[in-house]
Amino acid sequence: MIYSQDKVLGMLWGLHTGDSLGAPLEFLPPSAAWNQHTEIVGGGKFNWKAGEATDDTDLMLCVLRSIETPQKFSFDILKQEMLAWFASEPPDIGTTTVKGLRNLKAGLPLRECGFVDEKFQGNGSIMRVAPLSLLDEQVEGVYQGQSIVSLQEVLETQTKMTHGHSYCVEADRVLVAALKAALQGISKSEIYQVALREAQKQSRLLLQRVQDVPTFSWETLPTSGFCFDTLCAGLWAFLSYDNLPDSLVAVVNRGDDSDSCGAVAGALCGAYYGSSAIPERWLRALEFRHEIESLLKMKKLFC
Ligand SMILES: [Mg+2]
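Notes on the structure follow. Since this is a predicted model, take the numbers as computed values, not measurements.

With that settled, the discussion passes to the coordination of the magnesium ion. Binding of the magnesium ion to the protein goes through Thr54 (OG1), Asp55 (OD), Asp56 (OD) and Asp259 (OD), at separations of 1.9 to 2.3 Å. Considered as a linear motif, the donors of the magnesium ion on their single chain read T-D-D-x202-D.

Before going further, it helps to spend a moment on the state of the cysteines. Each disulfide is one covalent bond, formed between the sulfur atoms of two cysteines. Summed over all chains, the structure comprises zero disulfides. Between Cys113, a free cysteine, and Cys168, which holds the nearest cysteine sulfur, the sulfur-to-sulfur gap is 14 Å. With no disulfide of its own, Cys232 has Cys227 as its nearest cysteine by sulfur position, at a separation of 9.5 Å.

Moving on to the sheet that holds strand β3 (residues 140-143). Ordered by their spatial adjacency, four strands build an open sheet running β1-β2-β3-β4, and the pairing between neighbours is mixed. Of all strands in the sheet, those with a lone pairing partner are β1 (67-69) and β4 (146-149), marking the two edges. Across the sheet, the mean angle separating the axes of adjacent strands is 25° when strand polarity is ignored. Across the sheet, helix α5 (residues 151-160) touches β2 (72-74), β3 and β4, and the angle it forms with β4 is around 120°.

Take the packing of α5 against helix α6 (residues 166-184) next. Packed helices, taken two at a time, are described by the angle their axes make and the gap between the axes. Between α5 and α6, the shortest axis-to-axis distance is 10 Å and the interhelical angle comes to 130°. Between α5 and α6, the angle falls in the class oblique. Every pair of crossing elements has a handedness; the one defined by α5 and α6 is right-handed. Here Leu151, Gln152, Leu155, Glu156, Gln158, Thr159 and Lys160 of α5 come into contact with α6, specifically with Cys168, Val169, Asp172, Arg173, Val176 and Lys180. Among the residues making up the contact of α5 with α6, the classes are represented as five nonpolar, three polar and five charged.

Turning our attention to the nonpolar core. Of all hydrophobic cores here, the largest spans 101 residues; its most connected members are Met11, Leu64, Phe73, Leu132, Val210, Leu231 and Leu296. Considering each element in turn, this core owes the most residues, twelve residues, to α6.

Here we take up the pattern of salt bridges. All chains considered together, the criterion is met by eleven salt bridges. Here Arg173 and Glu156 are joined by a salt bridge, their closest N and O atoms 3.0 Å apart. Of the two residues, Arg173 sits in helix α6 while Glu156 sits in helix α5, which places them 17 residues apart along the sequence. We classify Glu156 as buried; its relative accessible area is 15%. Each of the salt bridges in this network shares a partner with another, and the network as a whole consists of Arg111, Glu153, Glu156, Lys160 and Arg173.

Another aspect to go through is the layout of surface pockets. Reported here for the largest pocket is a volume of approximately 350 Å³. Considering the residues around the largest pocket, the lining is formed by 22 residues, among which Gly94, Gly122, Asn123, Gly225 and Asp257 are closest to the centre. Only α4 (95-106) and α11 (258-273) provide two or more residues apiece to the lining of the largest pocket. At three residues, α4 tops the list of elements feeding residues into the lining of the largest pocket.

Where β3 lies against β4, four bridges are found, and the strand directions are antiparallel. Directly across from Tyr143, in β4, lies its bridge partner Gln146. Linking β3 back to β4 in an antiparallel pair, the connection comprises two residues, with Gln144 at a positive phi of about 50°.

Over its 19 residues, α6 runs 27 Å from end to end, which matches the ideal 27 Å to within 8%, given 1.5 Å per residue. Extensive coverage of α6 is indicated by the burial of 16 of its 19 residues. After α6 finishes, the residue Gly185 shows a positive phi value of roughly 85°.

Along the chain, Thr215 falls in the loop between α8 (204-212) and α9 (227-240). The class of Thr215 is exposed, set by a relative accessible area of 60%. In this structure the side chain of Thr215 is engaged in a polar contact, spanning 2.6 Å, whose partner is the backbone oxygen of Asp212.

The next subject is the packing of aromatic side chains. Here the structure, examined in full by the defined rule, presents ten aromatic pairs. Judged by centre distance (4.9 Å) and plane angle (85°), the ring pair of Tyr272 and Tyr273 falls under edge-to-face. Directly above the aromatic system of Phe238 lies the positively charged group of Lys188, at a separation of 4.9 Å from the ring centroid.

On the secondary structure map, His165 appears in the loop between α5 and α6. A polar contact is formed between the side chain of His165 and the backbone nitrogen of Tyr167, at a distance of 3.0 Å. Beyond its immediate sequence surroundings of up to four residues, His165 is in contact with Phe115, Val116, Asp117, Glu118, Phe120 and Gln121.

Sheet topology note: the β2/β3 ladder contains three bridges and is parallel. Each residue of the ladder has a partner; that of Lys72, found in β3, is Glu140.

Parameters at a glance
Residues numbered from 1 in each chain as written. Predicted model: local features only at pLDDT ≥ 70, side-chain atom pairs only at ≥ 80, totals over all residues. Heavy atoms only, no water. Donors = N, O, S within 2.8 Å, 3.2 Å for Na, K, Ca; no water. Disulfide = S-S within 2.5 Å. Pairing = 2+ DSSP bridges. Helix = DSSP H or I, 4+ residues; strand = E, 2+ residues; numbered from the N terminus. Axes fitted to C-alpha atoms, helices over the stretch in contact; angles between N-to-C directions. Contact = heavy atoms within 4.5 Å. Parallel < 35°, antiparallel > 145°, perpendicular 65-115°, else oblique. Left-handed = near helix turned anticlockwise from the far one by under 90°. Nonpolar A, V, L, I, M, F, W, Y, C, P; charged D, E, K, R; others polar. Core = buried A, V, L, I, M, F, W, Y, C linked by side-chain atoms within 4.5 Å. Buried < 20%, exposed > 50% of the residue type's maximum accessible area, 1.4 Å probe, protein only. Salt bridge = Lys/Arg side-chain N within 4 Å of Asp/Glu carboxyl O. 1 Å grid on protein atoms, 1.4 Å probe; cavity = no way out; pocket = protein on both sides within 12 Å on 5 of 7 lines; lining within 4 Å. Points joined across faces, edges and corners; volume = space filled by probe spheres on them. Expected span 1.5 Å × (residues − 1). Polar contact = N/O pair within 3.5 Å; in protein donor to acceptor, adjacent residues only side chain to side chain. Phe/Tyr/Trp six-rings, centres within 6.5 Å; stacked < 30°, edge-to-face > 60°. Lys NZ or Arg CZ within 6 Å of the ring centre and 35° of its normal.

Set out below in structure tokens:
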């Protein structure tokens, strides 16, 4: 299925917007009410330039470049892109991603690269997975001349290239299902029902977490780097406000893993409201605004 230009651009520009808005607040405590951060200005622990992409947007672009058509996904391109990014020595890179990419570089099978230990349940895959929502259910994933068929197989392999724990795969499945629903233009409550149904197929713990989303307030919302927290923070921001800017400002000002929570919230809000909902002053700042648009156009990933 091909979705509208406004929604597809909205999803990926929204992801970049949430990432760049949240980057200066990463690792910080929640902002005080009088000191809310509302502009893309850069700064933070890694002294980001205004609108500079962090690992969330960089790795999302690796996934996007690996889509040949909605029916064909190249793991050879994805491996090459991820290793080229790794070799560029990005300033902010998660420990689980580092371990996975070292295994990928060493030539391990794709699904054996990510660590499965319970210490490695981070959000390094969910923050980059959004472009997979543009693939058909019967997509063919190709690697070294071998192929796997189905979106679920492609998604699981993509996750396990860096994140082997089942929770990371589960969180990715729920986000991609919710993004597909948002791209289709159904209501917010129906999108939330899609997320709940997908979570129910995964695990009792994830279902419980997704069920708990409406019970959070801004003051109690977890925004850690645990993949379930990042998924739920994105869903909470999307469901709790009636416009994209308020959702993103709220979630990134919770601090902690603000850029990744902002990226997931931005993808959901952008897919739902469309690109026109992102303020032009934010879009103007984005490092990869035009690259995202031209990749989507070149690959004919919207109509
Ligand atoms: Mg980041």
